[in-house]
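# Descriptive structure summary
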Amino acid sequence: LLTAPHLYYRAQLEGGYRVVARVSGPPMQAFIVAPKTSQITSIADLSGRRLATPDSLALASLLTRELLAATSATLAANVALVETPTHNASLFSLHHGWTDAASLMGPIFRRIAPDAKAHLRVIAKTSTTPHMPVSVASWISAERASAFASVLIEMKNTPDGKDLLQHIGWQNFVPAQPQDYDFFDNFAAAIDFK
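To start, this report covers the structure provided alongside it. These numbers come from a predicted model, not from an experiment.

Criteria and thresholds
Residues numbered from 1 in each chain as written. Predicted model: local features only at pLDDT ≥ 70, side-chain atom pairs only at ≥ 80, totals over all residues. Heavy atoms only, no water. Core = buried A, V, L, I, M, F, W, Y, C linked by side-chain atoms within 4.5 Å. Buried < 20%, exposed > 50% of the residue type's maximum accessible area, 1.4 Å probe, protein only. Helix = DSSP H or I, 4+ residues; strand = E, 2+ residues; numbered from the N terminus. Contact = heavy atoms within 4.5 Å. Pairing = 2+ DSSP bridges. Axes fitted to C-alpha atoms, helices over the stretch in contact; angles between N-to-C directions. Expected span 1.5 Å × (residues − 1). Arc of directions from axis to C-beta. Phe/Tyr/Trp six-rings, centres within 6.5 Å; stacked < 30°, edge-to-face > 60°. Lys NZ or Arg CZ within 6 Å of the ring centre and 35° of its normal. Salt bridge = Lys/Arg side-chain N within 4 Å of Asp/Glu carboxyl O.

A word on the nonpolar core. Val20, Leu59, Met105, Leu152, Phe173 and Phe184 are the most contacted members of the largest nonpolar core, which has 26 residues in total. Looking at this core, the elements with two or more residues in it are helix H1 (5–15), strand E1 (18–23), helix H2 (59–71), strand E7 (133–136) and helix H7 (142–154). Those residues in contact with Met105 that sit more than four places away from it in its chain are Met28, Gln29, Ala30, Leu59, Ala60, Leu63 and His87. Membership of the second largest hydrophobic core comes to 13 residues, among which are Ala34, Ile43, Ala101 and Ala124.

The three strands are arranged E7-E1-E8 in an open sheet whose pairing can be described as antiparallel. Every other strand in the sheet has two partners, leaving E7 and strand E8 (173–175) as the edge strands with one partner each. Averaged over all adjacent pairs, the angle separating strand axes in this sheet is 35°, with direction ignored. The pairing of E1 with E7 spans four bridges and is antiparallel. Among the inter-strand pairings, Val19 is bridged to a residue of E7, identified as Ser135. Against the sheet, H7 makes contact with E1, E7 and E8, and its axis sits at roughly 5° relative to E1, the strand it touches most.

The next thing to look at is the pairing of strand E5 (residues 101–105). With respect to burial, E5 is a largely interior element, five of its five residues being buried. Residues Ala101, Ser103 and Met105 point to one face of E5 and Ala102 and Leu104 to the other, with burial holding for every one of them. Across four bridges, strand E2 (residues 30–35) lies against E5 in antiparallel orientation. Each residue of the ladder has a partner; that of Phe31, found in E5, is Leu104.

Right, let's get into H7. Each α-helix turn comprises 3.6 residues. Residues three or four places apart therefore point the same way. For H7, with 13 residues, the first-to-last C-alpha span of 18 Å sits near the 18 Å given by 1.5 Å per residue. Residues of H7 that are buried include every one of Ala145, Ala149, Leu152 and Ile153, and no others. The buried residues of H7 all sit within an arc of 95° when viewed along its axis, so they share a single face. Residues Glu143, Arg144 and Val151 are exposed on H7 and point more than 90 degrees away from its buried face. Looking at the buried side of H7, the elements it contacts are E1, E7 and E8.

What follows concerns the packing of aromatic side chains. Under the counting rule described, the total for this entry stands at six aromatic pairs. Between Tyr9 and Phe184, the aromatic rings sit 6.2 Å apart at their centres with planes inclined by 50°, giving tilted as the arrangement. Remark: Phe184 occurs in the segment after E8 and Tyr9 occurs in helix H1; sequence separation between them is 175 residues. Pair check on accessibility: Tyr9 and Phe184 agree, each one buried. Relative to Phe184, the ring of Phe183 lies with its centre 5.1 Å away and its plane at 90°, an arrangement referred to as edge-to-face. Under the relative-accessibility criterion, Phe183 is labelled partly exposed at 27%. Among the aromatic side chains, those forming a connected cluster through ring pairs are Tyr9, Phe183 and Phe184. For Lys117, the ring lying beneath its charged end belongs to Phe109, and the centroid distance is 4.8 Å.

This next bit is on the pattern of salt bridges. If the charged atoms of two oppositely charged side chains come close together, the side chains can form a pair. Applying the stated criterion across every chain, the model contains two salt bridges. Note that Arg10 is salt-bridged to Glu14, the shortest N-O span being 2.2 Å. You can see Arg10 and its partner Glu14 sitting in helix H1, four residues apart, about one turn around the helix. Note on Arg10: relative accessible area 12%, which makes it buried. Where Asp100 meets Arg50, a salt bridge forms, and the shortest distance between an N and an O atom there is 3.4 Å. Placement of the pair is Asp100 in the loop between helix H4 (87–95) and E5 and Arg50 in strand E3 (residues 50–53), with a sequence separation of 50 residues.

By themselves these figures say nothing about function.
Written out as structure tokens, the structure reads:
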């Protein structure tokens with residue numbers, strides 16, 4: 001199972017999946033951006049404003065809601081979250097003036113065309129989480145799980161593996177442990193999809 005970190009957390013709790021590797025690279029983090037021409041320069045300036053987020057189950061939305069609540073309960077209550085279907089749609093709604101700011105994950109933000117990014121100001125960054133995990137089902141033996149993890153981790157050392165990693169934009173895979181994702185213990189209620 002290759003999934004977002006918070007969805008792995010649920011798969012671990014409910015399905016017994018166990019992480020064997022994760023994508024290498026900077027931790028996952030959401031960026032909140034506003035137009036440079038706006039008077040929004042900090043998270044506090046979002047009070048009474050509209051903030052576009054990806055789907056409510058997206059990691060960016062979860063982290064954004066957590067940041068708003070951690071900043072101030074009053075702020076969290078006074079920001080109108082506008083759910084969009086994707087990270088790109090979140091940014092699109094800001095571009096067209098339908099919202100005052102947008103939330104999207106760091107990797108998406110870093111891929112924005114430079115001319116478009118030049119018009120944006122990062123007003124806040126959320127807390128960070130471990131990168132995307134790869135996990136195996138509970139019925140997979142420890143030996144098979146270890147062999148699978150080794151294939152992923154060694155991809156960077158083979159021509160085909162290097163090509164694939166370059167194509168998907170990842171550096172490589174590194175070993176991971178279930179406790180790496182204990183960060184999500186504090187979000188259990190927010191990611192309960194029942």
